[in-house]
Amino acid sequence: MRVRRSVPLSLLAGLAATALVLPLAGPAGAADPGARAAVPARGTAHMGMGVLKHDGRGAAPSGGVSALATWTEGVDVSSHQGNVAWSTLWNSGVKWAYVKATEGTYYKNTYFTQQYTGSYNVGMIRGTYHFATPDTTTGTAQADYFVNNGGGWSKDGKTLPGVLDIEWNPYGATCYGKTQSGMVTWIRDFLNRYKARTGRDAVIYTATSWWKQCTGNYSGFASTNPLWIARYASEVGELPAGWPYYTMWQYTSSGPTVGDHNHFNGDLSRVQALANG
């Protein structure tokens, strides 16, 4: 006669609890499916996408565009905005714009034509930016890719110099796996190549906290490259080392019509001066 032995209830409860926390099975070596989903697809990065996560949001700057005559309102856009209502923005007081052109050496903005020519056609002074991925290819290669795909400059009074968007890595390690000195070298290579190709010094877009962490608060670009600072607060706050003032300030990602709104540090004549070089 076979004896049937019962399993203690306490053991069954323990097994059930363990099952609840085990990850779902998948291919050998595969990451958790939920973790994979949290990483955005390559090419989807845009200016300021890491600001809220890393620096948070404070109160908006006080006063409107009309109340702050020394600021000139602008926006930055990427494929996330699709076809932009440029006339609406122009009529609200927006006078300049930057459009994402490229990312790495693998992505070109699919809405580039509508955004770049549309802003120009309503009268805005506009330029383009490159989202840097220093872990994929060299700074020189990415500067070439940028210039070859919308990042050029012409002295027509309506075209702003290109922007190097260098910030938190949305796809992996914050500093793209680079040491602080390695990051400075990568940035220098990009800037040198951009100037050799266009004759202009590129604008650097960054956040102070990222710049401190990933470049060691390097000050060597401040004398040549205008600063576009990201901080969603009522005051621009501390700037990266070397820059005595900012040229542009991205102060919100939740503005009207297009979320990303910016103040140019000066009136429209100063925007025109930057465009003319």
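Refer to the structure above for everything that follows.
Within each chain, residues carry numbers counting from 1 in the order of the written sequence. pLDDT decides what is reported in this predicted model: residues at 70 or higher carry local features, side-chain atom pairs at 80 or more are listed and counted, and totals for whole chains, interfaces and linings draw on all residues regardless. In computing side-chain properties, one takes all heavy atoms of the structure into account and sets aside hydrogens as well as water.

Enquirer: It is not clear to me how unusual backbone geometry should be interpreted in this structure. Could you clarify?
Expert: One can expect most non-glycine residues to show negative phi and most peptide bonds to be in trans. Its identity as a non-glycine residue notwithstanding, asparagine 217 has a phi of 60°, on the positive side. Along the chain, asparagine 217 turns up in the loop between helix H8 (208-215) and strand S7 (227-230). One non-glycine residue, threonine 257, lies in positive phi territory at about 70°. Per the convention used, a helix needs a DSSP run of H or I reaching at least four residues, while a strand needs a run of E reaching at least two, with both numbered from the N terminus. Residue placement: threonine 257 occurs in the loop between strand S8 (248-252) and strand S9 (261-265).

Enquirer: Hey, could you run me through the pattern of salt bridges in this one?
Expert: A side chain of one charge can pair with a side chain of the opposite charge when the charged atoms of the two come close. Between Lys or Arg on one side and Asp or Glu on the other, a salt bridge is scored when a side-chain nitrogen of the former is within 4 Å of a carboxyl oxygen of the latter. Summed over all chains, the structure comprises six salt bridges. Lysine 100 serves as the salt-bridge partner of glutamate 103, at 2.8 Å between the closest nitrogen and oxygen. Whether a residue is buried, partly exposed or exposed follows from its accessible area with a 1.4 Å probe, protein chains only, as a fraction of its type maximum: under 20%, in between, or over 50%, in that order. Owing to a relative accessible area of 1%, lysine 100 belongs among the buried residues under this scheme. Note that aspartate 144 and arginine 193 form a salt bridge whose closest N and O atoms lie 2.8 Å from each other. Note that aspartate 144 is positioned in helix H6 (residues 139-148) and arginine 193 in helix H7 (residues 180-198), a separation of 49 residues in sequence. Its relative accessible area of 16% is what places aspartate 144 among the buried residues. Overlapping salt bridges bring together Asp144, Arg193 and Arg197 as one network.

Enquirer: Explain the nonpolar core to me, please; I cannot follow it from the model alone.
Expert: Nonpolar side chains in soluble globular proteins tend to be buried together. In this description, a nonpolar core means a group of buried Ala, Val, Leu, Ile, Met, Phe, Trp, Tyr and Cys residues linked to one another through side-chain atoms lying within 4.5 Å. Core analysis: the biggest nonpolar cluster contains 67 residues, and Tyr98, Ile166, Ile187 and Trp228 have the highest contact counts within it. When residues of this core are assigned to their parent elements, the largest contribution, seven residues, is made by H7.

Enquirer: Before we go on, may I ask you to explain the packing of aromatic side chains in this structure?
Expert: Note on aromatic pairs: each is described by the distance of the centres and the angle between the planes. In this analysis, rings of Phe, Tyr and Trp, with Trp reduced to its six-membered ring, are considered paired at centre separations within 6.5 Å, and the interplanar angle assigns stacked below 30 degrees, edge-to-face beyond 60, and tilted for intermediate values. In total, this model carries 16 aromatic pairs according to the counting rule given. Taking 5.8 Å as the distance between ring centres and 80° as the angle between the ring planes, the aromatic pair formed by tryptophan 71 and tryptophan 249 counts as edge-to-face. Taken as a pair, tryptophan 71 in strand S1 (residues 71-77) and tryptophan 249 in strand S8 lie far apart in primary sequence, 178 residues in all. Taken individually, tryptophan 71 and tryptophan 249 each receive the classification buried, so the pair is uniform in this respect. For the ring pair tyrosine 98 and tryptophan 228, a centre distance of 5.1 Å and an interplane angle of 50° mean the geometry is tilted. Residue tyrosine 98 is located in strand S2 (residues 96-103), and its partner tryptophan 228 is located in strand S7; the two are separated by 130 residues in the primary sequence.

Enquirer: Sorry if this is basic, but what is going on with the environment of valine 147 here?
Expert: Here valine 147 is to be found in helix H6. What makes valine 147 buried here is its relative accessible area of 15%. Residues count as neighbours in contact if any of their non-hydrogen atoms are within 4.5 Å of one another. The residues contacting valine 147, other than those within four sequence positions of it, are Gly152, Tyr194, Arg197 and Thr198.

Enquirer: Would you mind going over helix H9 (residues 268-276) with me for this structure?
Expert: Count 3.6 residues to each turn of an α-helix, and residues three or four apart come out pointing the same way. Those residues of H9 that fall on the buried side of the exposure criterion are Val271, Leu274 and Ala275. In an axial view of H9, the angular spread of the buried residues amounts to 100°, which keeps them on one side of the axis. The elements touched by buried residues of H9 are S1, S2, strand S4 (125-131), S8 and S9. Just beyond H9, the residue with positive phi is glycine 277, at close to 75°. Read the arc as the range of directions from the helix axis to the C-beta atoms.

Enquirer: So what exactly am I meant to see when it comes to the pairing of S8 here?
Expert: In summary, the side chains of a regular strand alternate between the two faces of the sheet. Burial runs high along S8: five of the five residues are buried. Direction of pairing for S7 relative to S8: parallel, over a ladder of three bridges. Across the sheet, the residue bridging to tryptophan 228 is methionine 248, located in S8. Direction of pairing for S8 relative to S9: antiparallel, over a ladder of four bridges. Should DSSP find at least two bridges between two strands, the strands are taken to pair.

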